[in-house]
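As a plain string of letters, each chain reads:
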Amino acid sequence: MKLVNIGCGQTLHPDWINLDLVPSSPAVRSFDIRRGLPFAERTCDVCYSSHVLEHLQPAQASFLITETFRVLKPGGILRIVVPDLEQIARLYLASLEQSLSGDSQAIAQLDWMRLELLDQMTRTQAGGEMGKYLDRLNDQNPDLDKAFVRSRMGAEIDNYYQAKKLTRWQKIQSKQPTWYLQKIRVKIAELFVLLIAGKQAQEGFQEGLFRNSGELHRWMYDRFSLQQLLSQTGFIKIQVCQATESRIPNFNHFELDTLQGQIRKPDSLFMEAVKP
Ligand SMILES: C[S@@+](CC[C@H](N)C(=O)[O-])C[C@H]1O[C@@H](n2cnc3c(N)ncnc32)[C@H](O)[C@@H]1O
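So, a few notes on the structure that sits alongside this text. The shown structure was predicted, so the numbers you read here are calculated from the model rather than taken from an experiment.

## Things to note about the overall build of the chain
Here comes step 1: When its secondary structure is counted, the chain shows 10 helices and 9 strands.
Here comes step 2: What you see for the chain is a C-alpha radius of gyration of 20 Å, in line with the 19 Å of a compact globule of 276 residues.
Here comes step 3: Across its three principal directions, the C-alpha atoms of the chain cover 55 × 50 × 35 Å.
Here comes step 4: Looking at the chain residue by residue over its 276 residues, the buried ones come to 41%.

## Side note on the pairing of strand β4 (residues 44-50)
Here comes step 1: When you tally the buried positions in β4, you get 7 out of 7 residues, the bulk of the element.
Here comes step 2: Here 3 bridges tie strand β1 (residues 3-6) to β4, and the two strands are oriented parallel to one another. In the strand pairing of β4, Leu3 is matched with Val46.
Here comes step 3: Judged from the 6 bridges that link them, β4 and strand β5 (residues 72-83) form a sheet pairing that is parallel. Paired with Val46 across the two strands is Ile77, which belongs to β5.

## Some remarks on a nonpolar patch on the surface
Here comes step 1: Together, Ile184, Ile188, Leu191, Phe192, Leu194, Leu195 and Ile196 make up an exposed nonpolar region whose accessible area comes to about 750 Å².
Here comes step 2: By the secondary structure assignment, Leu191 is in helix α8 (residues 177-197).

Conventions adopted
- Residues numbered from 1 in each chain as written.
- Predicted model: local features only at pLDDT ≥ 70, side-chain atom pairs only at ≥ 80, totals over all residues.
- Heavy atoms only, no water.
- Helix = DSSP H or I, 4+ residues; strand = E, 2+ residues; numbered from the N terminus.
- Rg over C-alpha atoms; globule rule 2.2 N^0.38 Å.
- Buried < 20%, exposed > 50% of the residue type's maximum accessible area, 1.4 Å probe, protein only.
- Pairing = 2+ DSSP bridges.
- Patch = residues over 30% accessible without salt bridge, like charges linked within 9 Å, V, L, I, M, F, W, Y side chains within 5 Å.
- Areas by Shrake-Rupley, 256 points an atom, 1.4 Å probe, with all protein chains shown as cover.
- Salt bridge = Lys/Arg side-chain N within 4 Å of Asp/Glu carboxyl O.

Worth remembering: the numbers are spatial, not functional.
Here it is as structure tokens:
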């Protein structure tokens, strides 16, 4: 079986071909999926992508889905996982309504939902306001609703705090030499921008690079728009499923959408489709 994990981040399994713009380990192939997929037509059995589509502009996302259709064999399965815009919007409105009557728990939940909706799309630095919020949450701030945030982030919240505990040396070791080379190139370019065009241009340059780094959300999907995108591309048997439910053989064994029995990203919309 040729299984492809597109934009794997740190969530990978050795039985899969793992692709990412910023490889988290040597097991990940460095590839910019905005260029398409590096496979021949009808050669893959499964394409899986979790929390990646929303990082692409709509036209780029549509191109990626077309690429998955091209590389999948007939009968091949596409599994897409994205933050669920419908669920986020419903929770935002529900917590807003309750906040108006002064309910402190609802106010805390509204704060978090605002981060899911806005910070993910507008941040200008790694982690953004959500990162600062998660750091305060760890400090046992009583005005924050830890249980609610955990219900939204699932097992990912533990990964976040574990990554925070890495030593400087562990962080240095986790990067590949090409990452450092690119950093040096960018620093030199930044210096030129500052010298030639001034401070504001330098800030614009930094922000532009961050916006292109793959961290930011550029679009969001609900069960209707994602289904539409897949069916327009030619996929059939499109289904919303649970995190633990899949037509991919032994999917739970790979621990991509679950981690030790816990759902990794409960805030998600899970959808599968088949290439005819
Ligand atoms: C939110 S993370 C999700 C990672 C993982 N799939 C998961 O579910 O935990 C988004 C990932 O998409 C990757 N990504 C974003 N834009 C990309 C691109 N153009 N090409 C390849 N990977 C990209 C990022 O580097 C990042 O690892």
